[in-house]
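Observations on the three-dimensional arrangement
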Amino acid sequence: MRIIRGAINLKKNSKKEIKHCTEKLMNEIVKKEKLKERDIYSIIISVTKDITKKNPCTIVRKMGFVNTALMGVQEMQIEKSMPLTIRFLIHSRGKDSTKFYYLKDTAKLRGESEK
Ligand SMILES: C=C(O[C@@H]1C=C(C(=O)O)C=C[C@H]1O)C(=O)O
């Protein structure tokens, strides 16, 4: 099974920015992983509590992932954690591997989670 973790942070909590960032992250993963809907088992998307204007799952659905099992959840509220962040966890068919796609400021999170 192929596991894909992704993250991106927003400039602000607006419909336009949520759409832009969700599409940016999803498009990057789809392109680099050559991901087809039929290969995906499920996608879990978390948002930090400050993201409220639009549901990223709806955006992914509108990108064409009409039959994919999607689940949207709220990220844990930990003090000083990165605000305005969308995270993806994708399980898909493929060679056993784990890949990370951390766009914009979230690249910092990779180092932090390994400390
Ligand atoms: C540091 C991150 O944020 C938090 C920490 C994670 C981790 O240590 O793997 C995963 C999700 C978040 O709860 C991240 O998304 O990588």
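Residues numbered from 1 in each chain as written. Predicted model: local features only at pLDDT ≥ 70, side-chain atom pairs only at ≥ 80, totals over all residues. Heavy atoms only, no water.

In the annotation of an unreviewed UniProt entry, the entry for the protein chain reads chorismate mutase, and the organism field reads Candidatus Mcinerneyibacterium aminivorans. UniProt's Catalytic activity (unreviewed entry) comment on the protein chain is quoted here verbatim: "chorismate = prephenate". (UniProt positions renumbered as here; feature names shortened; annotations may be inferred.)

1. Focus on helix 1 (residues 15–33)
Over its 19 residues, helix 1 extends 27 Å from the first C-alpha to the last, a length consistent with the 27 Å expected when each residue adds 1.5 Å. Here helix 1 has its buried residues at Glu17, Ile18, Cys21, Thr22, Leu25, Met26, Ile29 and Glu33. Considered in projection along helix 1, the buried side chains sweep an arc of 150° and stay on one side of the axis. Exposed residues pointing more than 90 degrees away from the buried face of helix 1 are listed as Lys15, Lys16 and Lys31. Among the structural elements, strand 1 (2–9), strand 2 (40–47), helix 2 (56–62), strand 4 (85–92) and strand 5 (97–102) are those in contact with the buried residues of helix 1. (Helix = DSSP H or I, 4+ residues; strand = E, 2+ residues; numbered from the N terminus. Expected span 1.5 Å × (residues − 1). Buried < 20%, exposed > 50% of the residue type's maximum accessible area, 1.4 Å probe, protein only. Arc of directions from axis to C-beta. Contact = heavy atoms within 4.5 Å.)

2. A closer look at unusual backbone geometry
Most peptide bonds adopt trans geometry, and most residues besides glycine take a negative phi value. You will see that Lys34, though not glycine, has its phi angle at about 50°, which is positive. Take Lys34: it is sitting in the loop between helix 1 and strand 2. Exposure remark for Lys34: the relative accessible area of 63% places this residue in the exposed category. You will see that Lys80, though not glycine, has its phi angle at about 65°, which is positive. Of note, Lys80 is situated in the loop between strand 3 (69–74) and strand 4.

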